Amino acid sequence: MHRRRRTALVLTAAIAAAAPLLTACGSDAHPGAAAVVGGQRITVAQLENRVGEVRDAQRAALPDQGQYQQVLAQTGSLTRDTLHNMVLDQVIHRAAQDEGVSVTRKEVQQLRASLEQQAGGSKGLQTTWLQKYGIAPAHLDENLRLQLEAQKLAARLGTDTTQPAFWKALSKASGELHIDVNPRYGTWDVQKSSRVDAKTPWVREVTSVSGGGPVTA
C-alpha cells in the first residue's frame, strides 16, 4: 500500500487491556475454553483452528521451507495474539452495538475494493493482512468489518481510537461481556494497558473510504 494514502488504526493490546478487565479462568470452571466472552466459550479447538488457518496460509505463501521456518520463529506468540484479537473483536462489536453503530456489507466491500486497489489486487491485500496482522484470507472481511466498526464508533463518540472516550466505551462493553481468559494464554496488566508478555503492539493500517477522508488513530 502507498504510505501516503494509508492511515494507521491502532487497535493494540493497550486498547484491549485498557478496556476490558481480562481475568484468568481456570480449566475447572471452563473446561476446554480458551476464553469466555458474554457467556459464550471460545474453545481451545476454535482457537487452534483459527491459528491453523493462518499457518496453512503462511505455508502456501512460502513454499520454501527455510522461509517458512523463519516465519514460525518470528510469530511464536501467534496463538496468544490470535486469542487476543478474537476477544477484542467481540468487545468492539458490543461497544458498537451499544452506541447504535452498524456496518453494512456494502461498506465492507467498498473498503476492501479501495485497499485492493492500493495493494495491487485481491492477492496483494490478502498477503499484506496475512504478513502484517496474522489474518488468514478467510477472515479478511471480518477484520475489515471490525476496522469500520471501530472507526464509526469513535466518530459516533466524537473522538478517535486513541482517546479515553473510546477506551471507556470498550471498558463498558467488556464489563457487560464478563470476559474470562484462560491463563495459559497470558495475563493482562491493566495498569500498564498491555499484555504482560507483549513485546510489540499490534498495529493495523486501514484507509478510511468515508467522505471525511482518512481517520488517524
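Located above this text is the structure these notes cover.
For the structure given in this document, a descriptive report is provided here. Each chain has its residues counted from 1, running along the sequence as written. Local features in this predicted model are restricted to residues of pLDDT 70 or higher, and side-chain atom pairs are both shown and tallied only at a pLDDT of 80 or more, whereas totals for entire chains, interfaces and linings draw on every residue. As a rule here, side-chain values come from all non-hydrogen atoms in the structure, and water together with hydrogens is ignored.

**Quick notes on the overall build of the protein**
And step 1. For the purposes of this entry, the term helix denotes a DSSP run of H or I that reaches at least four residues, the term strand denotes a run of E that reaches at least two, and both are numbered from the N terminus. What the protein contains, in helices and strands, is eight helices and eight strands.
And step 2. Counting contacts in the protein only where the partners sit at least 6 residues apart, residues at least 24 apart contribute 78% of the total.
And step 3. Exposure was quantified through the Shrake-Rupley algorithm and a 1.4 Å probe, taking into account, for residues, occlusion by the shown protein chains and nothing else. Surface exposure of the protein reaches about 11000 Å², of which carbon and sulfur atoms provide 49%. Whether two residues are in contact is decided by their heavy atoms, any of which lying within 4.5 Å being enough.

**Details of the nonpolar core**
And step 1. The set of buried Ala, Val, Leu, Ile, Met, Phe, Trp, Tyr and Cys residues whose side-chain atoms join them within 4.5 Å is what this entry labels a nonpolar core. Partly exposed residues are those whose accessible area sits between 20% and 50% of the maximum for their type, while under 20% is buried and over 50% is exposed, using a 1.4 Å probe and protein chains only. Counting 30 residues, the largest nonpolar core has Ile42, Leu47, Leu83, Val87, Val91, Leu170 and Ile179 as the members making the most contacts within it.
And step 2. Residue contributions to this core peak at eight residues, all from helix H4 (residues 78-98).
And step 3. Within the second largest apolar cluster, 11 residues are counted, among which are Val108, Leu111, Ile135 and Leu140.

**Concerning the pattern of salt bridges**
And step 1. Here, a salt bridge means any side-chain nitrogen of Lys or Arg that lies within 4 Å of a carboxyl oxygen of Asp or Glu. Applying the stated rule across the entire model yields eight salt bridges.
And step 2. We note a salt bridge from Glu176 to Arg94, for which the minimum N-O separation is 3.1 Å. Taken as a pair, Glu176 in helix H8 (residues 164-177) and Arg94 in helix H4 lie far apart in primary sequence, 82 residues in all.
And step 3. Classification of Glu176 as partly exposed rests on a relative accessible area of 28%.
And step 4. Judged by relative accessible area, which is 28%, Arg94 ranks as partly exposed.

**Re the packing of H4 against helix H7 (residues 140-156)**
And step 1. Two elements in contact, H4 and H7, have axes separated by 9 Å at closest approach and are oriented at 45°. Regarding the angle of H4 to H7, the classification is oblique. In this structure, H4 meets H7 at a crossing whose hand is left-handed. For the pair H4 and H7, the contacting residues are Asp89, Ile92, His93, Ala95 and Ala96 in the first and Leu146, Glu149, Ala150 and Leu153 in the second.
And step 2. In this classification, Asp, Glu, Lys and Arg are treated as charged, Ala, Val, Leu, Ile, Met, Phe, Trp, Tyr, Cys and Pro as nonpolar, and every other residue, Gly included, as polar. A class-by-class count of the residues in the contact of H4 with H7 yields six nonpolar, one polar and two charged. Axes here mean lines fitted to C-alpha atoms, for a helix over just the part in contact, with angles spanning 0 to 180 degrees between N-to-C directions. Each angle gets one of four labels, with under 35 degrees taken as roughly parallel, over 145 as roughly antiparallel, 65 to 115 as roughly perpendicular, and the rest as oblique. Left-handed describes a crossing in which the near helix is turned anticlockwise from the far one by less than a right angle; the clockwise case is right-handed.

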